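Chain residues, written in single-letter form:
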Amino acid sequence: MKKKLNQLAACGLLSALALSGCSSGGDDGGSNPATTPAAVLNYIFATDHEGYVTVATHNEDNTITDITNFHPLNLSEGILTLGEIHLAHGRLFVVISEGLTNDSDEFIGGGLFIVNLTTMLPEIRSMPTTLTTAAGGGPTTSRFVHTYMDPDGHHLWMNNDGETAEPGTADSVFRINIDPMDAEYLHFEEIVVGNGHKKSAFSYPVVNGTQALNLFATHNLSDESISVIDNDPLSPTFLQVLTTVDLSSGTNTLHGMGFSPLSGHIYTGVTPGVDIGLSIIDATSAALTHSTIDAGMDMGMNQIPAAGYVKVSHDGRWVMTVGYVNEIGYLSIVDAQNEDTVTDVIPLGNLSASSFNISEMDMDGDMIMDHVKVFIPSRQTTASDNEITTQIAVIDLNLETGEGSDPRYIDVYAGPDHRNGRLSHDNMFAYYPNGGDCGATHDQHGPGCYLISIIDAMSELVVAEMHTAGHEPGNILVVPASEITGVDPGTGGGGHDH
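Residues numbered from 1 in each chain as written. Predicted model: local features only at pLDDT ≥ 70, side-chain atom pairs only at ≥ 80, totals over all residues. Heavy atoms only, no water.

Let's talk about the confidence of the model for the chain
Phase 1 of the analysis: Looking at the chain as a whole, the pLDDT averages 89, with 88% of positions reaching at least 70.
Phase 2 of the analysis: Predicted confidence for residues 1-7 stays below pLDDT 50, and this span has 14 contacts to residues more than four positions away or in other chains.
Phase 3 of the analysis: Here residues 491-497 is a poorly scored stretch, pLDDT under 50, and it has 30 contacts once near neighbours within four places are set aside; other chains count. (pLDDT = per-residue confidence, 0-100. Contact = heavy atoms within 4.5 Å.)

Right, dumping it as structure tokens:
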């Protein structure tokens, strides 16, 4: 990594990306300075299972240009587990899930790998937990999974899932300042919440629209609960847990969350669909009233079969969730404008999805979304021997009725146990990691082990493939060419896009 950082520091990564003429050199490839590349559409940043961050461009002729890669290590030269990627204030923020060590070679957890894209100076910010303990009261380490850019553009919220899934032991969330112009840059606070894997959502007021409270809500999978945190800097209870919604029944596994600025409601997906399908918190009132959509197969009774990850259309009206029960996957659609009424439930076949993306395409430049498609990537689980693992389901969404078409399928390579993709800023391309065919050794790796598939949203064809430096691609960030040299605060987001 040092050789590449020194070479690229001479011109800065922003210049290298913009010109595609500052080669990383060495044996790891890089663009040929003598070759004039096609115009760049998007820049792609991707992590993988071996702890690399790969940087490449997706060009107008659907070629891929390798720019460089990073391989941050801990103080013992050990590999770090990397997570989601954010771009803000001219800096790349890559989540370190775990693997950081202290001067005594003790593991302390996760943090952030940060690269200044102008100077190319990298740094690591460790974020050990001081407020949570392991079962039995011993010390523990932080482990960050899902992370979210605050609507203010200056803070990143990082969910610390901790070491254990034992109910009753606390986990936490961290809020860190990622604005280098602020005196409190990289200062963070830790807030104790419940135990278990977490997905989260912000609620916020909308100008001339729904006046929701400024909140950060996160679910606690093992505890079957939702923690709601005050995110209003002017409030006397700022950064305090306002309420904990208890959904415990022994069966309500919470795994997905979204917010509708139209209804002002926070929606949490519940799987496997035994009694509750969606949990709904009204964020427009300090009472934080709670309601539910029941699990079941009767859409007329406002039921959905099962839920999971939650995404919301850009206008806030259509709330969607994917679920999997009895070897069938489902996409369920809820109308947030009309009392959270279920409008459609679409069977996906034997496809279990860990996430999905809503592509709302402006086809004629007048900001009217003429075509909306939902891309639902398959993954690999242990739930079925016959599940779909090598396809992306595509559904057309009717924005007037909230109804979807029957699914179509795009062939890709096998996915891992989680396959979370990204859309380009204009929603015209979808990027999905493969890596489900990686073997125990290098010679056992399949053809998709190092590949990200790039899909044209209109033609529904795989038009390009990007290679990552390490095997089993993980998290992806896609940034349009128009923004890479003038990065706005919060550009790129991460963990909560459509």
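Some thoughts on empty space enclosed by the protein
Phase 1 of the analysis: What the rule picks out here adds up to two cavities of 30 Å³ or more.
Phase 2 of the analysis: Computed from the structure, the second largest cavity encloses a volume of approximately 40 Å³.
Phase 3 of the analysis: Taken together, Thr132, Thr133, Thr140, Thr141, Gly162, Glu163, Thr164, Ala170 and Asp171 form the lining of the second largest cavity.
Phase 4 of the analysis: Here the lining of the second largest cavity is built from residues that sort into one nonpolar, six polar and two charged. (1 Å grid on protein atoms, 1.4 Å probe; cavity = no way out; pocket = protein on both sides within 12 Å on 5 of 7 lines; lining within 4 Å. Points joined across faces, edges and corners; volume = space filled by probe spheres on them. Nonpolar A, V, L, I, M, F, W, Y, C, P; charged D, E, K, R; others polar.)

Here's the deal with the sheet that holds strand β17 (residues 265-271)
Phase 1 of the analysis: The four strands lie next to each other as β16-β17-β18-β19, forming an open sheet whose pairing is antiparallel. With partners counted over all chains shown, the strands left at the sheet margins are β16 (253-260) and β19 (290-294), one partner each. Ignoring strand direction, the axes of neighbouring strands in this sheet form an average angle of 20°.
Phase 2 of the analysis: In this sheet, β17 lies alongside β16 in antiparallel orientation, the contact comprising six bridges. Counted as the bridge partner of Ser260 is His265 from β17. (Pairing = 2+ DSSP bridges. Helix = DSSP H or I, 4+ residues; strand = E, 2+ residues; numbered from the N terminus. Axes fitted to C-alpha atoms, helices over the stretch in contact; angles between N-to-C directions.)

Points about the environment of Pro416
Phase 1 of the analysis: Relative to the helices and strands, Pro416 is located in the loop between β28 (408-411) and β29 (422-423).
Phase 2 of the analysis: Its relative accessible area of 7% is what places Pro416 among the buried residues.
Phase 3 of the analysis: As for Pro416 and Thr381, which are separated by 35 residues in sequence, their C-alpha atoms are 8.2 Å apart.
Phase 4 of the analysis: What Pro416 contacts, discounting residues up to four positions off in sequence, is Arg379, Gln380, Pro433, Asn434, Gly436 and Glu472. (Buried < 20%, exposed > 50% of the residue type's maximum accessible area, 1.4 Å probe, protein only.)

As for the layout of surface pockets
Empty space among the atoms becomes visible once a probe the size of a water molecule is rolled across them.
Phase 1 of the analysis: Taken as a whole, the second largest pocket encloses approximately 690 Å³ of empty space.
Phase 2 of the analysis: Considering the residues around the second largest pocket, the lining is formed by 24 residues, among which Thr81, Leu82, His418, Gly474 and Asn475 are closest to the centre.
Phase 3 of the analysis: Elements represented by at least two residues in the lining of the second largest pocket include exactly β1 (40-48), β4 (81-88), β5 (91-101), β8 (144-149) and β33 (473-480).
Phase 4 of the analysis: Examining the composition of the lining of the second largest pocket, we find that four residues originate from one element, β4, more than from any other.

Things to note about the state of the cysteines
Phase 1 of the analysis: Throughout the structure, instances matching the rule amount to one disulfide.
Phase 2 of the analysis: Disulfide pairing places Cys438 opposite Cys449 at an S-S distance of 2.1 Å. Of note, the bridge from Cys438 to Cys449 carries an S-S torsion of about 110° and is right-handed in sense. In this pair, Cys438 is assigned in the loop between β30 (429-433) and β31 (451-456) and Cys449 in the loop between β30 and β31, connecting sequence segments 11 residues apart. (Disulfide = S-S within 2.5 Å.)

Points about the packing of aromatic side chains
Phase 1 of the analysis: Summed over all chains, the structure comprises eight aromatic pairs.
Phase 2 of the analysis: Their ring planes at 55° and their centres at 5.1 Å tell us that Phe202 and Phe216 sit as a pair that is tilted. Separated by 14 residues along the polypeptide, Phe202 in strand β12 (residues 200-205) and Phe216 in strand β13 (residues 211-220) bring together distant segments of the chain. Each of the two residues, Phe202 as well as Phe216, counts as buried.
Phase 3 of the analysis: These aromatic residues form a ring-pair network of at least three members: Tyr148, Trp157, Phe202 and Phe216.
Phase 4 of the analysis: The aromatic ring of Tyr309 is capped on one face by Lys199, whose charged end is 4.3 Å from the ring centroid.
Phase 5 of the analysis: Of note, Lys311 hangs over the ring of Phe356, and the distance from its end group to the ring centre comes to 5.5 Å. (Phe/Tyr/Trp six-rings, centres within 6.5 Å; stacked < 30°, edge-to-face > 60°. Lys NZ or Arg CZ within 6 Å of the ring centre and 35° of its normal.)

What about the sheet that holds strand β9 (residues 155-160)?
Phase 1 of the analysis: The four strands lie next to each other as β8-β9-β10-β11, forming an open sheet whose pairing is antiparallel. Only two strands of the sheet have a single partner each, and these edge strands are β8 and β11 (188-193). Across the sheet, the axes of successive neighbouring strands diverge by a mean angle of 20°, strand direction being ignored.
Phase 2 of the analysis: Sheet topology note: the β9/strand β10 (residues 171-177) ladder contains six bridges and is antiparallel.

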